[in-house]
Amino acid sequence: MQPLQPVSGSDLQRFLSAPEELLQQSVALQLAVASFHQTPRSILEILVNSPDEQVAEAANLHVNLAGEITDGWQQAVDEILQQRQLGQNDRLAVELLKIGPVPPCFLSEWVPAERLIQGLRNPQMPLRYRLQLLERLAQEPTLEPRLQVAESPETPSAVLEQLAGDLELPVRLAVKFNPSCPPPLIELVEGQYAVASDWNTDSEQLAMLGQSRWPWIRLAVAQNPSATAETLMQLAGDAVYKIQLAVAKNPETPADVLAVLAEHQDKAIQAVVAEHRNATEEILHQLFPTQQQLLKRRENLPTSILERVFNELVTNQPIWKNKELRYFLLKQPNTPTKFLAEFVNIDLEALRAEKLEQERKAGSTPGISEKWVQDEIRFLTDVAEHPQVSVKILEQLAQCPNPHVKLAVAQNCQTLEQLKLRILSELILYAEDNIKVEIAKNPETPVYVLEAIGQNESYRTKLLREIRRVLASEYAVNANSFNSTADKFMSDFKHQTLYPNNIVVNVDQWMIFFESPDFLEVMTRTLSYEDTKNELSILMNRFLSEWTEILSRLSNKLQ
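Rules behind the numbers
Residues numbered from 1 in each chain as written. Predicted model: local features only at pLDDT ≥ 70, side-chain atom pairs only at ≥ 80, totals over all residues. Heavy atoms only, no water. Helix = DSSP H or I, 4+ residues; strand = E, 2+ residues; numbered from the N terminus. Buried < 20%, exposed > 50% of the residue type's maximum accessible area, 1.4 Å probe, protein only. Contact = heavy atoms within 4.5 Å. Areas by Shrake-Rupley, 256 points an atom, 1.4 Å probe, with all protein chains shown as cover. Axes fitted to C-alpha atoms, helices over the stretch in contact; angles between N-to-C directions. Parallel < 35°, antiparallel > 145°, perpendicular 65-115°, else oblique. Left-handed = near helix turned anticlockwise from the far one by under 90°. Nonpolar A, V, L, I, M, F, W, Y, C, P; charged D, E, K, R; others polar. Arc of directions from axis to C-beta. Expected span 1.5 Å × (residues − 1). Bend = angle between axes of the 7 residues up to and from the residue.

*Asks:* What is the right way to read the overall build of the protein from this model?
*Replies:* Summing up its helical and strand segments, the protein has 37 helices and zero strands in all. Out of the 559 residues belonging to the protein, those deemed buried represent 41%. Residue pairs at least 24 apart in sequence account for 48% of intrachain contacts in the protein once pairs closer than 6 positions are excluded. Looking at the protein as shown, the accessible area adds up to about 31100 Å², and 52% of this sits on carbon and sulfur atoms.

*Asks:* Is there a simple way to explain the packing of helix H22 (residues 323–330) against helix H23 (residues 337–344) in this structure?
*Replies:* The geometry of a pair of packed helices is captured by two quantities: the angle between their axes and the separation between those axes. Axis separation between H22 and H23 bottoms out at 11 Å; the angle between their running directions is 135°. Between H22 and H23, the angle is such that the two are oblique. With respect to the hand of their crossing, H22 and H23 are arranged in left-handed fashion. Seen from H22, the contacting residues are Arg326, Leu329 and Leu330; seen from H23, they are Phe339, Leu340 and Phe343. Looking at the contact of H22 with H23 residue by residue, the class counts come to five nonpolar, no polar and one charged.

*Asks:* Would you mind showing me how to read unusual backbone geometry here?
*Replies:* Peptide bonds are, in most cases, trans, and in most cases residues other than glycine have a negative phi. The backbone of asparagine 300 sits at a positive phi, close to 60°, despite the residue not being glycine. Structurally, the position occupied by asparagine 300 is in the loop between helix H20 (281–295) and helix H21 (303–313). The backbone of asparagine 502 sits at a positive phi, close to 55°, despite the residue not being glycine. Of note, asparagine 502 is situated in the loop between helix H33 (485–498) and helix H34 (507–514).

*Asks:* I'm lost on the packing of helix H28 (residues 403–410) against helix H30 (residues 433–441) in this one. Help?
*Replies:* At a minimum axis distance of 10 Å, the contact between H28 and H30 shows a crossing angle of 10°. With respect to H30, the axis of H28 lies roughly parallel. Contacts between H28 and H30 involve Pro403, His404 and Leu407 on the former and, on the latter, Asn434, Ile435, Glu438 and Ile439.

*Asks:* How do you make sense of H30 when you look at a structure like this?
*Replies:* The periodicity of an α-helix, 3.6 residues per turn, causes residues three or four positions apart to be oriented the same way. Listed as buried for H30 are Ile435, Lys436 and Ile439. Along the axis of H30, the buried residues cluster in a sector spanning 100°; they form a single face. Counted as exposed and oriented over 90 degrees from the buried face of H30: Asp433 and Lys441.

*Asks:* Can you walk me through H20 in this structure?
*Replies:* With 15 residues, H20 should cover 21 Å at 1.5 Å per step; its first-to-last C-alpha distance of 11 Å lies more than 12% under that length. Bending of H20 peaks at approximately 105° at the position of proline 289. Among the residues of H20, Ile283, Leu284, Leu287, Phe288, Gln291, Gln292, Leu294 and Leu295 are the ones counted as buried. Against helix H18 (255–261), helix H19 (267–275) and H21 lie the buried residues of H20.

Here it is, written out as structure tokens:
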């Protein structure tokens with residue numbers, strides 16, 4: 001702004017008789033006259049009509065025109081200042097605020113609240129400015145400024161009324177114990193809150209309270225499961241974030257309201273909607289790009305979401321090796337049968353070879369690789385127990401060498417009765433005691449199976465279980481230690497005869513021979529070696545055609 005042009009009383013003489021001529025002079029002269037303290041009222045009344053806004057404003061504010069300084073005049077000045085483009089320098093204004101009165105309109109919206117609180121402590125600050133600062137601080141989003149206002153005895157009743165229903169308890173308590181606060185105000189707010197938070201309140205009252213000027217009351221309505229869909233929809237658009245969040249968390253919020261909140265920019269509200277029990281399939285798809293990890297923790301996801309997650313997580317490796325995807329799909333009840341079928345496609349021989357190589361490199365106890373295989377395929381139990389598993393998949397799983405998987409197949413209500421009984425009969429012969437306990441605990445287990453479990457384990461049962469173990473075990477080449485002589489014999493037999501001829505022991509098929517009553521009778525007799533050998537020769541000739549089929553790649557001599 002340029003300095004004012006200097007004028008004196010003599011300069012005004014030529015305009016006293018014809019003050020309207022002043023409007024024909026330069027703006028600089030008009031502004032100087034309008035600002036000159038001796039300018040009479042007759043000239044000022046002409047200048048207030050100047051086409052230049054600055055001249056008109058200066059004349060209008062002149063003390064000789066306004067008369068004595070009154071409260072009304074001060075408010076008029078404040079209103080004019082608020083309408084002016086001040087080009088605030090907040091740093092300078094804040095410094096001045098420490099030592100002298102600064103109109104609040106000089107302080108832009110960017111001035112920190114703590115600086116305004118310092119201004120309240122300035123003894124030179126006029127009361128009308130202090131009140132303006134209190135009103136401004138009452139609108140601050142942080143707690144401390146509103147708490148200062150709620151505690152101040154100078155705070156006007158209208159501002160205390162506004163803060164009486166504040167969301168923060170410290171602010172409400174400060175208002176309650178402020179000496180300027182009328183007790184009926186607190187009774188009104190607390191009474192409305194009691195009604196708004198009561199689940200038995202009728203919907204009409206809740207709808208009315210949902211429009212309360214106090215956010216504390218509106219929050220209580222947003223949290224009330226008895227609020228109607230219309231009321232919740234209204235509160236979903238509330239300007240207060242905590243109220244919007246409360247609507248999203250309300251267990252009775254309907255899908256159409258959740259759909260609106262799903263479009264909220266805040267990720268926290270989106271996350272609450274993604275977890276809500278009333279979120280529709282469409283809403284879940286809408287939130288999938290931003291809330292995928294949270295959605296994967298939901299139970300009972302629709303098939304379309306499961307397929308979307310599958311497409312996100314699937315890799316080139318076999319699906320059963322993808323543990324993250326496997327865990328996710330097997331805990332979801334709606335997982336498509338086609339995915340379950342892929343889990344069953346395990347190349348057991350390749351897996352055994354892989355574990356055997358790991359055993360060799362690690363120098364582990366011979367035979368431990370088979371335990372590793374069993375551990376690796378134990379997850380197939382979850383497949384057998386899955387509600388979407390098919391009969392075809394159950395039939396495949398019945399061939400699994402893991403007894404826990406077999407038991408799960410036997411206990412599935414979809415399993416064919418004949419297959420179920422065959423599995424149970426096998427398990428009570430060869431399985432460990434913990435499997436037998438599970439069979440016995442199942443109320444669907446047939447009586448004859450329970451009776452078989454209840455009998456003391458016979459020598460034949462132990463013998464057959466040991467034979468199965470020896471057949472199923474894998475052995476390192478030239479291993480130095482074995483669990484039994486049979487392990488050593490079978491190791492040599494596999495590495496020297498079977499494997500070179502690409503023959504793998506089919507345990508179940510081989511056990512058919514050993515479980516034959518005639519064969520068992522011979523093996524369990526107390527006979528001399530020669531007698532047993534002779535009877536076995538006769539028995540083996542009886543099974544020669546079956547042995548030839550199993551060992552078809554061996555020469556007759558080796559057979």
